Amino acid sequence: MGKLFLVFLLCNAGLSSGVDITSNLTEALESFHERLRNLPEDMFEVQLDLGKFTANEEMKQQAENQAKQIRGKLSDMSSDMYNLRFVVDRLSELEAEKEDDKEDDKEEEKEECSSWYLGMNLNPSDGHIMGYETGWSDDSSIGTLEDALIRDYLNQTVWNMPAKYIAIVRHHQGKLDAVKVFTFKHWGLSLSHRFKDTDPGRNVVTEGGPVQEYTVPGAHNLGDDPVFSVGGDLAFNWGYSRNGARLVLTGGHLSGADVDDDNTHGFGNNFAIRPKMVEDPEAYPDWAHEISNIQDCPYPSCTQRVGVKIQGTDHGSGPTLKGGPVYGNYAIYISNDSPTFPTDGANLGINVEMCEN
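Residues numbered from 1 in each chain as written. Predicted model: local features only at pLDDT ≥ 70, side-chain atom pairs only at ≥ 80, totals over all residues. Heavy atoms only, no water.

A. Geometry of the overall build of the chain. In terms of regular secondary structure, the chain is built from five helices and 16 strands. Residues counted as buried form 45% of the 357 residues belonging to the chain. Considering only contacts within the chain whose residues lie at least 6 apart along the sequence, 66% involve residues at least 24 apart. Carbon and sulfur atoms provide 51% of the accessible area of the chain, an area that totals close to 17,900 Å². (Helix = DSSP H or I, 4+ residues; strand = E, 2+ residues; numbered from the N terminus. Buried < 20%, exposed > 50% of the residue type's maximum accessible area, 1.4 Å probe, protein only. Contact = heavy atoms within 4.5 Å. Areas by Shrake-Rupley, 256 points an atom, 1.4 Å probe, with all protein chains shown as cover.)

Spelled out as structure tokens, the structure:
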């Protein structure tokens, strides 16, 4: 019913066939999404007002339950609309590319553009901890398009797209600071598929090292950065004993499978988890932490006074976890047709184009 309702509203939003359909559709979706986002909160106010009735408790409870169900459906529709907007944006790009191709075919030489798509953004100090369990393999979207490059973000549409190349980009509110691009060993697999491969895990997923490395002149905090201070390839789901790190570089320290030393560092970490499980109900959130820097502070010699150096505040209350400076946000982009990420100084976006003559 919710989907039919959505289609009805969109069809009555003034959309018609013709050359302007993509812009009209985008505007209608943005307008509708803006209104839809407020409806769950409005329905919650209705639910509160229903609680003021006293004449018939049974009927009041029935009305409150119905309002709660409607609020849930509205929230689900808002999430669906979020994904729909992304797909429509991509369709609009394809439509524009199709029109551009028609014009370019008339020329001897034409500019070829490749696309990079934002799958994840990590802000290690936004109050949301992307540890080993959160987001990477649980099929949930995180964040909003509007805050995609300033807060934790995960787009399930991109997360489920097959990929040949992956770029790790450190940035400051969309301004590129450093980037590394890698080629996957096995093409055609999505990030969702790769991060669900936890048993046995410990997968080196790229080969040949970075095919592109770039650092903005004057960039700071590169000495112990989890990506840009070490070499090698990307490894996913690096489980060791009761610990796990979702994304690390092989140039850093990689603990043995049965070594409980809390000493492999990267993105999406937890020092008290069963890493071969996609979801571990016995995981300890106290030891979850989003981004840990490259260091050598193995358990049990790593004392509370020294501590494990974590970027920002997004970590649990484990006594050896020590928050520190934020080096930037870290964005994960994928592409199927470009081994090169643009470094021309333009701001990052949900999609980034790399054009060559």
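Next comes the rest of the write-up.
B. Here's a closer look at the environment of Thr144. Relative to the elements of secondary structure, Thr144 occurs in the loop between strand 1 (112-122) and strand 2 (153-154). On the basis of relative accessibility, which here comes to 30%, the residue Thr144 falls in the partly exposed class. As a C-alpha pair, Thr144 and Leu154 span 10 residues in sequence and 8.6 Å in three-dimensional space.

C. Local environment of the sheet that holds strand 10 (residues 243-249). Strand order in the open sheet formed by five strands is 7-9-10-11-12, with antiparallel pairing between adjacent strands. Looking at which strands have only one partner, the edges of the open sheet turn out to be strand 7 (203-204) and strand 12 (288-291). When strand 11 (residues 267-270) meets strand 12, the two strands line up antiparallel, connected through three bridges. Of the residues in strand 12, the one forming a bridge with Asn269 is His289. (Pairing = 2+ DSSP bridges.)

D. A look at a nonpolar patch on the surface. Together, Val87, Leu91 and Leu94 line one region of the surface with nonpolar side chains, adding up to about 240 Å² of accessible area. In this structure, Val87 sits in helix 3 (residues 57-104). For Val87, a relative accessible area of 36% puts it in the partly exposed group. (Patch = residues over 30% accessible without salt bridge, like charges linked within 9 Å, V, L, I, M, F, W, Y side chains within 5 Å. Salt bridge = Lys/Arg side-chain N within 4 Å of Asp/Glu carboxyl O.)

E. Region of interest: the side chain of Asn155. In this structure, Asn155 sits in the loop between strand 2 and helix 4 (156-159). Apart from residues lying up to four places away in sequence, Asn155 is in contact with Phe86, Leu118 and Gly119.

F. Quick peek at unusual backbone geometry. Geometrically, the link from Asp199 to Pro200 is a cis peptide bond, its omega value of 15 degrees lying close to zero. Note that Pro200 resides in the loop between helix 5 (191-196) and strand 7. Here the bond from Tyr299 into Pro300 is cis, since omega is 5 degrees, no more than 30 degrees from zero. By secondary structure assignment, the location of Pro300 is in the loop between strand 12 and strand 13 (308-311). Non-glycine residue Asp139 carries a positive phi angle of around 65 degrees. Here Asp139 is to be found in the loop between strand 1 and strand 2.

G. Just the nonpolar core, in detail. Ile166, Leu191, Phe236 and Phe267 are the most contacted members of the largest nonpolar core, which totals 32 residues. Secondary structure elements with two or more residues in this core: strand 1, helix 4, strand 4 (165-172), strand 5 (175-183), helix 5, strand 9 (234-240), strand 10 and strand 15 (329-335). Once residues lying within four places of it in the same chain are set aside, the contact partners of Phe236 are Ile166, Phe184, Leu191, Arg194, Phe195, Arg202, Asn203, Val205, Arg246 and Leu247. Leu149, Tyr153, Tyr333 and Leu348 belong to the second largest nonpolar core, which has 18 residues in total. (Core = buried A, V, L, I, M, F, W, Y, C linked by side-chain atoms within 4.5 Å.)

H. Structural context of the state of the cysteines. Within the structure shown, the criterion is met by two disulfides. Put simply, Cys113 and Cys355 are joined by a disulfide, and their sulfur atoms are 2.0 Å apart. Handedness of the Cys113-Cys355 disulfide follows from its S-S torsion of about 105 degrees: it is right-handed. With Cys113 in strand 1 and Cys355 in strand 16 (residues 351-356), the pair connects residues that are 242 residues apart, well separated along the chain. Between the sulfur atoms of Cys297 and its disulfide mate Cys302 the distance is 1.8 Å. (Disulfide = S-S within 2.5 Å.)

I. Representation of the side chain of His265 within the structure. Relative to the helices and strands, His265 is located in the loop between strand 10 and strand 11. Judged by relative accessible area, His265 falls into the buried class, the value being 5%. A distance of 3.3 Å separates the side chain of His265 from the side chain of Asn263, its partner in a polar contact. A polar side-chain atom of His265 sits 3.2 Å from a polar atom in the side chain of Ser292. Apart from residues lying up to four places away in sequence, His265 is in contact with Val248, Phe271, Ser292, Asn293, Ile294, Gln295 and Val308. (Polar contact = N/O pair within 3.5 Å; in protein donor to acceptor, adjacent residues only side chain to side chain.)

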